[in-house]
Amino acid sequence: MRNRLKKLGDVPAFAGLEPLPCKVTYYDPVGAAEVLTLDVGSADGVQPGMVVCCGDVIVARIYKVAPAVSLAVTSRHRFFKMPVLLVDDEDETLARGIAEGNGIALEVRFVPFEQKVSTDAVALSNDESPFVPNGFAIGDVSFAEPDPSTRSWRVKLAPHPYSFELEELYIPTGVQKQPEMHVPREAR
């Protein structure tokens, strides 16, 4: 999985995306806030909930938008949340959960005890939002341990190294997803 990362030029065409290039105009030097100010805004079509990518790695999510600038929270920020698939090196899905920043790192919550998790796994985006491309990397599993008290796994992610470079960033636009038909719980 780690060797499938693609360069910026290949990813948007591969994923059928239209990249909106952006640059970081301000980044908290202390890093405690994990908030980026970007040089694109609502006049460019940016909306809250969109993601900021480097290659095929999601590094941040748009939080607030003004006409000429946007604020994005990095994947380590406590406002960052995204459904993910934990996938092994053979692209086999091991588990599903919600990646959440905690201010320092990323954790995956709500992974049922019955699913298997490996420290060789990678977390990939699996969001139903029309703004988020599925299958983009978020981080590598660095710690996984079953927690019998909650009947779920404790999973921690190491953000991908691209998350720290903050160069060649873009916001994927034109993400097309087919809405899934709603099936009432009683009918499942």
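This one's a predicted model, so the numbers in the text were calculated from it and none came from an experiment.

1. Focus on the overall build of the protein
- Counting secondary structure elements, the protein contains two helices and 13 strands.
- Burial status across the protein gives 45% buried among its 188 residues.
- Sequence separation of at least 24 residues holds for 58% of the intrachain contacts in the protein that already meet a minimum separation of 6.
- Roughly 10,100 Å² of accessible area belongs to the protein as shown, and the carbon and sulfur atoms make up 54% of that amount.

2. Quick notes on the confidence of the model for the protein
- Across the protein, the average pLDDT comes to 81, with 80% of residues at 70 or higher.
- Below a pLDDT of 50 lies the segment residues 1-10, which in the model reaches 27 contacts outside its immediate sequence neighbourhood of four places, other chains included.

3. Quick notes on the pairing of strand 4 (residues 51-54)
- Of the two faces of strand 4, the one lined by Val51 and Cys53 and the one lined by Val52 and Cys54 are each fully buried.
- Pairing of strand 4 with strand 5 (residues 57-65), which is carried by four bridges, proceeds in the antiparallel orientation. Note on strand 5: the bridge partner recorded for Val52 is Ala60.
- Between strand 4 and strand 5, which pair antiparallel in sequence order, lie two residues; one of them, Gly55, sits at a positive phi of approximately 65°.

4. As for the packing of aromatic side chains
- On inspection of all chains with the given rule, the structure shows one aromatic pair.
- The ring of Tyr63 carries the charged tip of Lys64 above its face, separated from the ring centre by 5.5 Å.
- Its end group placed over the ring of Phe143, Lys156 keeps NZ or CZ at 5.8 Å from the ring centre.

5. Let's talk about a nonpolar patch on the surface
- On the surface, a cluster of nonpolar side chains totalling about 260 Å² of accessible area is made up of Tyr63, Leu71 and Phe79.
- Relative to the helices and strands, Tyr63 resides in strand 5.
- Looking at Tyr63, the relative accessible area reads 38%, which means it is partly exposed.

Rules behind the numbers
Residues numbered from 1 in each chain as written. Predicted model: local features only at pLDDT ≥ 70, side-chain atom pairs only at ≥ 80, totals over all residues. Heavy atoms only, no water. Helix = DSSP H or I, 4+ residues; strand = E, 2+ residues; numbered from the N terminus. Buried < 20%, exposed > 50% of the residue type's maximum accessible area, 1.4 Å probe, protein only. Contact = heavy atoms within 4.5 Å. Areas by Shrake-Rupley, 256 points an atom, 1.4 Å probe, with all protein chains shown as cover. pLDDT = per-residue confidence, 0-100. Pairing = 2+ DSSP bridges. Phe/Tyr/Trp six-rings, centres within 6.5 Å; stacked < 30°, edge-to-face > 60°. Lys NZ or Arg CZ within 6 Å of the ring centre and 35° of its normal. Patch = residues over 30% accessible without salt bridge, like charges linked within 9 Å, V, L, I, M, F, W, Y side chains within 5 Å. Salt bridge = Lys/Arg side-chain N within 4 Å of Asp/Glu carboxyl O.

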